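So the chains spell out like this:
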Amino acid sequence: MRSSFLTLKIIAIVILVALFWVGLFFISSLVSERQGYQKAFLQEITQNNISPQTIISPYVRVPYLEQTTCLDEQKVAHACTQEHWMYVSADSTQWQSNFDVKNDQYKRTIYRAISYQANLTAKGIFQKPTLENKNYQWEKAEILFPIHDPRGLATQPTLKMLNKNYAFEMSPQGNDSTGFDFMRISAQKHPELISAIQNGFAFDLDAKIAGLGKFTLIPTSRSVTYQAKGNWADAKYSGQNLPLEKTSAHQQFTAQWKNIALGHQNLNKLINCENNECIRQLSDGNYIKNSEYESENNQKIGLSTEFLDSVNVYTQTDRAIKYGIVIIIITFGCFFLFEVLKSLRIHPIQYSLVAMAQGIFFVLLLSISEYYAFAWAYVVACIACVGLMTWYLFFVMKGAKPAMLFGIILSTLYAIMYMLLQSSGKTFLIGSIISFVVLAVVMFITRHIDWYQISNRPERELKSYTPHQ
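Conventions adopted
Residues numbered from 1 in each chain as written. Predicted model: local features only at pLDDT ≥ 70, side-chain atom pairs only at ≥ 80, totals over all residues. Heavy atoms only, no water. Salt bridge = Lys/Arg side-chain N within 4 Å of Asp/Glu carboxyl O. Helix = DSSP H or I, 4+ residues; strand = E, 2+ residues; numbered from the N terminus. Axes fitted to C-alpha atoms, helices over the stretch in contact; angles between N-to-C directions. Left-handed = near helix turned anticlockwise from the far one by under 90°. Contact = heavy atoms within 4.5 Å. Nonpolar A, V, L, I, M, F, W, Y, C, P; charged D, E, K, R; others polar. Phe/Tyr/Trp six-rings, centres within 6.5 Å; stacked < 30°, edge-to-face > 60°. Buried < 20%, exposed > 50% of the residue type's maximum accessible area, 1.4 Å probe, protein only. Lys NZ or Arg CZ within 6 Å of the ring centre and 35° of its normal. Pairing = 2+ DSSP bridges. Parallel < 35°, antiparallel > 145°, perpendicular 65-115°, else oblique. Patch = residues over 30% accessible without salt bridge, like charges linked within 9 Å, V, L, I, M, F, W, Y side chains within 5 Å. Areas by Shrake-Rupley, 256 points an atom, 1.4 Å probe, with all protein chains shown as cover. Expected span 1.5 Å × (residues − 1).

A.B. asks: Please explain the pattern of salt bridges as it appears in this structure.
C.D. replies: Where charged atoms of side chains with opposite charge meet at close range, the side chains can pair. Taken as a whole, this structure holds ten salt bridges when the rule is applied. Residue Arg-61 pairs with Glu-142 through a salt bridge whose shortest N-O separation is 2.9 Å. With a gap of 81 residues between them, Arg-61 in strand β2 (residues 59-71) and Glu-142 in strand β7 (residues 142-147) connect regions that are remote in the sequence. Note that Lys-208 and Asp-206 form a salt bridge whose closest N and O atoms lie 3.8 Å from each other. Through salt bridges with shared partners, a single network forms among Arg-61, Glu-142 and Arg-184.

A.B. asks: Explain the packing of helix α6 (residues 348-369) against helix α8 (residues 400-422) to me, please; I cannot follow it from the model alone.
C.D. replies: In helix packing, the relevant descriptors are the interaxial angle and the interaxial distance, both defined with respect to the helix axes. Where α6 meets α8, the axes come as close as 14 Å, and the angle between the chain directions of the two elements is 35°. In the crossing of α6 with α8, the sense of the turn from one axis to the other is right-handed. Residues Gln-358, Phe-361 and Phe-362 of α6 lie in contact with α8, whose contacting residues are Leu-410, Tyr-414 and Met-417. Here the contact of α6 with α8 is built from residues that sort into five nonpolar, one polar and no charged.

A.B. asks: Looking at this structure, how should I read the packing of aromatic side chains?
C.D. replies: The geometry of an aromatic ring pair is captured by the separation of the ring centres together with the interplanar angle, meaning the angle of the planes. On inspection of all chains with the given rule, the structure shows 26 aromatic pairs. Ring geometry for Phe-99 against Phe-307: centres 5.2 Å apart, planes inclined by 65°, an arrangement best described as edge-to-face. Here Phe-307 lies in strand β19 (residues 303-307) and Phe-99 lies in strand β4 (residues 92-108), a separation of 208 residues in the sequence. Classification of Phe-99 by relative accessible area gives buried; the value is 2%. Put simply, the rings of Phe-361, Phe-362, Phe-374, Tyr-378, Tyr-414 and Tyr-418 touch in pairs and so form one group of aromatic residues. A cation sits over an aromatic face here: Arg-61 above Trp-85, 4.0 Å from the ring centre.

A.B. asks: For this particular structure, what's the right way to read the sheet that holds strand β11 (residues 201-212)?
C.D. replies: Backbone-to-backbone hydrogen bonds join strands into a sheet, with any given pair of strands oriented parallel or antiparallel. In space, the eight strands of this open sheet follow the order β9-β8-β11-β5-β4-β13-β16-β15, with mixed pairing throughout. The strands lining the two open edges of the sheet, one partner per strand, are β9 (164-167) and β15 (245-249). Direction aside, the axes of adjacent strands within the sheet are offset by 15° on average. Bridge count for β4 against strand β13 (residues 223-230) is eight bridges, and the pairing is parallel. Bridging from a neighbouring strand, Phe-99 pairs with Gly-230 of β13.

A.B. asks: Help me out: how do you make sense of the packing of helix α7 (residues 374-396) against α8 in this one?
C.D. replies: Close contact between α7 and α8 brings their axes to 9 Å; oriented N to C, the two are set at 160°. Looking at the two axes, α7 sits roughly antiparallel to α8. Here α7 runs over α8; the crossing is right-handed. Seen from α7, the contacting residues are Phe-374, Ala-375, Tyr-378, Cys-382, Val-386, Met-389, Thr-390, Leu-393 and Phe-394; seen from α8, they are Ala-400, Ala-403, Met-404, Phe-406, Gly-407, Leu-410, Ser-411, Tyr-414, Met-417, Tyr-418, Leu-421 and Gln-422. Tallied by class, residues from the contact of α7 with α8 come to 17 nonpolar, four polar and no charged.

A.B. asks: Just checking my understanding: could you explain a nonpolar patch on the surface for this structure?
C.D. replies: There is a patch of nonpolar side chains on the surface, built from Leu-341, Leu-429, Ile-433, Phe-436, Val-437, Val-441, Phe-444 and Ile-445 and spanning about 780 Å² of accessible area. Take the nonpolar patch: its biggest share by element is seven residues, from helix α9 (residues 427-445). Along the chain, Ile-445 falls in helix α9.

A.B. asks: Is there a simple way to think about α7 in this case?
C.D. replies: Note: α-helices contain 3.6 residues per turn, so residues at a spacing of three or four share the same orientation. Compared with an ideal rise of 1.5 Å per residue, which puts 23 residues at 33 Å, α7 spans 32 Å between its outermost C-alpha atoms and is within 8% of the ideal. Within the sequence span of α7, burial applies to Phe-374, Ala-377, Tyr-378, Ala-381, Cys-382, Cys-385, Val-386, Met-389, Thr-390, Leu-393 and Val-396.

A.B. asks: It is not clear to me how the pairing of strand β1 (residues 53-56) should be interpreted in this structure. Could you clarify?
C.D. replies: In the case of a regular strand, side chains alternate between the two sheet surfaces. Neither face of β1 is open: one carries Gln-53 and Ile-55, the other Thr-54 and Ile-56, and all of them are buried. Sheet topology note: the β1/strand β12 (residues 214-218) ladder contains four bridges and is parallel. Within β12, the residue paired with Ile-55 across the bridge is Leu-217.

Right, dumping it as structure tokens:
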């Protein structure tokens, strides 16, 4: 009786790979659950301590009265006076921010949050505004400096002009409804500012502000230059414009922006916000588009710098899990080739136990990396699982030489996976080259095999595994 060894073995391997793939999904859900705890911790900090910061570059607001026609409750027209606002943006501003970034200020058990203390300075010039024939109320003019979360202010921001320092004051209504505290310097309190606002002025701004993870500057001046630097290597830039120059090395980063169009656009967006929700979106770095013809409802606004956790264990473990199915396919393929070349039968249960050991690798990696550095957790999990599988294969393959060979193969696979995790920018290139090399090796090893002869080989010619006594 001829045995359909080859066909049945391939079917069994495919089923085992599918089951292992399902197991990886369960491990991935465990990673997502642990990551959810981290996000809940960050949300709690945002609610109780500090949040990501967004500031809007200072601008001037001047009210004016306009005679118009209004309708009363009975829809009867009558003459009335309405208050409107004239907005004046700076002609140019030069911003500098120096970030002191930490990841140990806010922590609970194994969870940590990235926070920063930013020293902000700005120099700018307001030109003499172009005035229309309006009834301006100059005594109510204000210089506004909107800040998303004033809890991050250690001291009041100051604006130096007319050889004097003016402190921004909190807005009376707070920032609950709009998402911003429109900090202000009022001409009603400082009458000497009226002449400066009418004729233009130069200013120096100084502020110290703390935040969580991300900082966004929304420029409103006609031209803006912005330089950010700090003690963090892994920074992500987003928003309306990416930096013209950026560097990142030795736990330091620098980035520089320069633009002559954003400020006018942003001030118009702020003026055109018809409700508090629109302004609140600005605090999150988004702008709600009101046109029904726009393809996207929201667009990014401002110049954003986000400080990333380069050793985020959940992200890296999740990425590693994506390579898990490739490792198990290569491992099973090596087992199958060993069976074919050495005529040694390996039972599907033995395949399954090796697959389980590889699944346990990711569980160990996640649990250890929550307490220790990811690299050390990876090494420990790899040594434990590869050592266990090598010891087991010594009995399955009846010898130290093939077991050690498979141990080397498995160690190489895990080393390659770690290299792929660390080289995110070239992952596709490295992965494609490795795939080609693996396929070439398999084709070279099996170039003389007669697969028809193997599939029709009598069952008695296949060696069965007998445990050592």
